[in-house]
Amino acid sequence: MSVVRQQILNKVEVPRASVVDTLRIGAVVLAPAIARGVLARRPKVVALAEKFDADRHAGKLMQRMRARYGSGPLRLAVPGRSLAMVLTPDDVRRVLTGSPEPFAAANLEKRKALEHFQPHGVLISHGADRADRRRFNEEVLDTHHDVHCQGAAIAEKVHQEAAGLLAAVDRTGALDWDAFRIAWWRVIRRVVLGDAARDDSEISDLLTTLRMNANWSFAHPRRDRVRHRFQERLREHLARAEPGSLAELVARAPATERTVPADQVPQWLFAFEPAGMAVFRALAVLAARPSAAGPARDEVAGLDLSAPQDLPYLRACVQESVRLWPTTLAVLRDSTTDTEWEGRMLPAGTGLIIHTPSLQRDEQNLSYADDFAPGAWLDGRAEADWSAIPFSGGPVECPGRNLVLLVTSLFLGALLQEHDFRLVASGRPLTEGAPLPRTLGAFGLRFGVSKVPVKV
Ligand code: HEM
């Protein structure tokens, strides 16, 4: 045994929550996140969480735990599995920049959940497999460029689908989640799989079923029939390698025997859906707050949005939406070695839980916790702050970040360019000047919409 390891083992372990506090954290922080559906949201539970302001209670409890036990990590008194809550931005930075070693992204609970539909996905891969699959993902998603290499084709698809949605909205004067979701999924399928997949709602429904099952992680048996049907349809779409779609790049990007390209694609499809929720919530804030909507309209005034455009304010609005209402409720890691925290030891194999709804609204660390502050993404404050990690951070950071911000900002811009949105239904008020609710379901948002006369 190495001297360093012996030194760590001789030290006391990091603090462990009492059984009562563990039960509190389970009931107030973890259960509401799991019940809402970590991989696919359950509308009725989301409405309940909204009604009871679940994320505000969770945030307060996490602050109390930090005051009681210190900066952490805080181990939970759970039999049979070592689990710890990460409590401070400094520790978030350490865990995320220390991934995948010694903090592996391929965490046990995540593996059990995602194995339902992407057993070789990068998010649950480790070692050489991870390195290879991450390279492949970055290449197809064009991770390091603000505008994706297929930006022109993407902008055209987004613009057409937004126009189709607006044409329907012009007839009814209203927009709700159901109508938005249909248009959004068309965008997703066209961008990822190609225009020929536009109306293949079956593949989206199959994936939703698999995600719903995966919500239960260990507890749900795998549905092989659904999985096979999904994979079959996915293979058909990928085989076309349609020009202007990610499928084209999947066919072109170098792959090794480790890559398993088709197993990387479900993550892209399923991660795009909550991005639609982020757009819908951003739209709700802009509809309720004229001071935030003004700069958005100014940014897109007179622009040709069927071509890729640099829309920093709208990108910031979407990032702010996912900070305020994170689509990834917990970022998870498993430690691969014993680790030391201010002289205390956390054993190898501990599952580390970063609960994003409380972290990203922690007013003890973030001055703009409950405000809508797109400016924080424009002036670099949010980027530098490990309390604001909607796309995670470090080597495992979301490789689809730039792509999804391109698609969402173009879509939001197209909606706002010639239309005025009024929020007519929301589970919680979003009034200007008041703290924003910590929980906000997309399902319950409804807008009245009117066309703005274009000045000639
Ligand atoms: C609003 C939309 C999105 C948000 C908020 C988001 C956020 C995240 C987060 C928090 C992670 C987890 C990273 C970790 O465990 O540290 C992640 C991983 C990932 N995301 Fe996204 N994501 C979004 C959309 C997308 C899209 C549209 C794609 C692809 C087209 C994508 C591709 C991925 C991939 C491949 C990973 C796994 C990365 C790895 O394991 O190395 N994401 N994303």
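Here goes a summary of the coordinates provided. Worth saying up front: this structure is predicted, and the values here are computed from it rather than measured.

### Focus: the coordination of the iron atom of the ligand
Stage number 1. Among protein residues, the single donor to the iron atom of the ligand is Cys398 (SG), with a metal-donor distance of 2.3 Å.
Stage number 2. Residue placement: cysteine 398 occurs in the loop between helix H17 (375–378) and helix H18 (401–417).

### A closer look at the packing of helix H10 (residues 201–214) against helix H11 (residues 224–240)
Stage number 1. Between H10 and H11, the least distance of the axes is 9 Å, while the angle of their chain directions is 140 degrees. When the axes of H10 and H11 are compared, the pair comes out oblique. Judged by the twist between their axes, the crossing of H10 over H11 is left-handed. In this structure, H10 uses Glu202, Ile203, Leu206, Leu207, Thr209 and Leu210 to contact H11, whose residues at the interface are Val226, Arg227, Arg229, Phe230, Arg233, Leu234 and His237.
Stage number 2. The residue inventory of the contact of H10 with H11, partitioned by class, reads seven nonpolar, two polar and four charged.

### Quick word on unusual backbone geometry
Peptide bonds are mostly trans, and most non-glycine residues show a negative phi.
Stage number 1. Here the amide bond leading from glycine 72 into proline 73 is cis, since omega sits at 0 degrees, within 30 degrees of zero.
Stage number 2. The omega torsion across glutamate 101 and proline 102 is 5 degrees, close enough to zero to call that bond cis.
Stage number 3. As for its placement among the helices and strands, proline 102 is situated in the loop between helix H5 (89–97) and strand E3 (103–104).
Stage number 4. Backbone geometry places alanine 241, a non-glycine residue, at a positive phi of 45 degrees.
Stage number 5. Among the structural elements, alanine 241 can be located in the loop between H11 and helix H12 (246–252).
Stage number 6. Positive phi values are uncommon outside glycine, yet serine 392 reaches one of about 65 degrees.

### Some thoughts on the sheet that holds strand E8 (residues 351–355)
Stage number 1. An order of E1-E2-E8-E5-E3 is seen for the five strands of this open sheet, with the pairing classed as mixed. The open sheet terminates on both sides in strands that have one partner only, identified here as strand E1 (74–75) and E3.
Stage number 2. As defined by bridge partners, E3 adjoins strand E5 (residues 330–335) across two bridges and the pair is classed as antiparallel. Each bridged residue has a counterpart across the sheet, and for alanine 104 the counterpart in E5 is aspartate 334.
Stage number 3. Of the strands in this sheet, E1, strand E2 (83–85) and E8 are in contact with helix H2 (residues 19–36), which crosses E2 at around 70 degrees.
Stage number 4. Packed on one face of the sheet, H5 meets E3, E5 and E8 and runs near 125 degrees to E8.

### Some thoughts on the pattern of salt bridges
Stage number 1. Scanning the entire structure with this criterion turns up 38 salt bridges.
Stage number 2. Among the ionic pairs, glutamate 109 bridges to arginine 81, the shortest N-O distance being 2.7 Å. Residue glutamate 109 is located in helix H6 (residues 108–114), and its partner arginine 81 is located in the loop between E1 and E2; the two are separated by 28 residues in the primary sequence.
Stage number 3. One salt bridge connects arginine 401 with glutamate 397, and the closest N-O pair in it is separated by 2.6 Å.
Stage number 4. By relative accessible area, which is 12% here, arginine 401 ends up buried.

### Concerning the nonpolar core
One broad rule of soluble globular proteins: the nonpolar side chains tend to lie buried together.
Stage number 1. Counting 90 residues, the largest nonpolar core has Leu175, Phe180, Leu269 and Phe411 as the members making the most contacts within it.
Stage number 2. For this core, the element with the most residues is helix H13 (residues 265–288), which contributes 15 residues.
Stage number 3. Dropping the residues within four chain positions of it, phenylalanine 180 is found in contact with Leu165, Leu175, Gly276, Val279, Phe280, Phe411 and Leu415.
Stage number 4. In this structure, Ile25, Leu61, Tyr69 and Leu87 belong to the second largest nonpolar core, which totals 16 residues.

### Looking at the packing of helix H9 (residues 177–192) against H10
Stage number 1. Their axes nearest at 10 Å, the elements H9 and H10 cross at an angle of 100 degrees. The orientation of H9 relative to H10 falls into the category roughly perpendicular. Residues Arg181, Trp185 and Arg189 of H9 form the contact with H10, whose own contacting residues are Ser201, Ile203, Ser204, Leu207, Thr208 and Arg211.
Stage number 2. Here the contact of H9 with H10 is built from residues that sort into three nonpolar, three polar and three charged.

How each quantity is defined
- Residues numbered from 1 in each chain as written.
- Predicted model: local features only at pLDDT ≥ 70, side-chain atom pairs only at ≥ 80, totals over all residues.
- Heavy atoms only, no water.
- Donors = N, O, S within 2.8 Å, 3.2 Å for Na, K, Ca; no water.
- Helix = DSSP H or I, 4+ residues; strand = E, 2+ residues; numbered from the N terminus.
- Axes fitted to C-alpha atoms, helices over the stretch in contact; angles between N-to-C directions.
- Parallel < 35°, antiparallel > 145°, perpendicular 65-115°, else oblique.
- Left-handed = near helix turned anticlockwise from the far one by under 90°.
- Contact = heavy atoms within 4.5 Å.
- Nonpolar A, V, L, I, M, F, W, Y, C, P; charged D, E, K, R; others polar.
- Pairing = 2+ DSSP bridges.
- Salt bridge = Lys/Arg side-chain N within 4 Å of Asp/Glu carboxyl O.
- Buried < 20%, exposed > 50% of the residue type's maximum accessible area, 1.4 Å probe, protein only.
- Core = buried A, V, L, I, M, F, W, Y, C linked by side-chain atoms within 4.5 Å.

That's the geometry; what it means functionally is another story.
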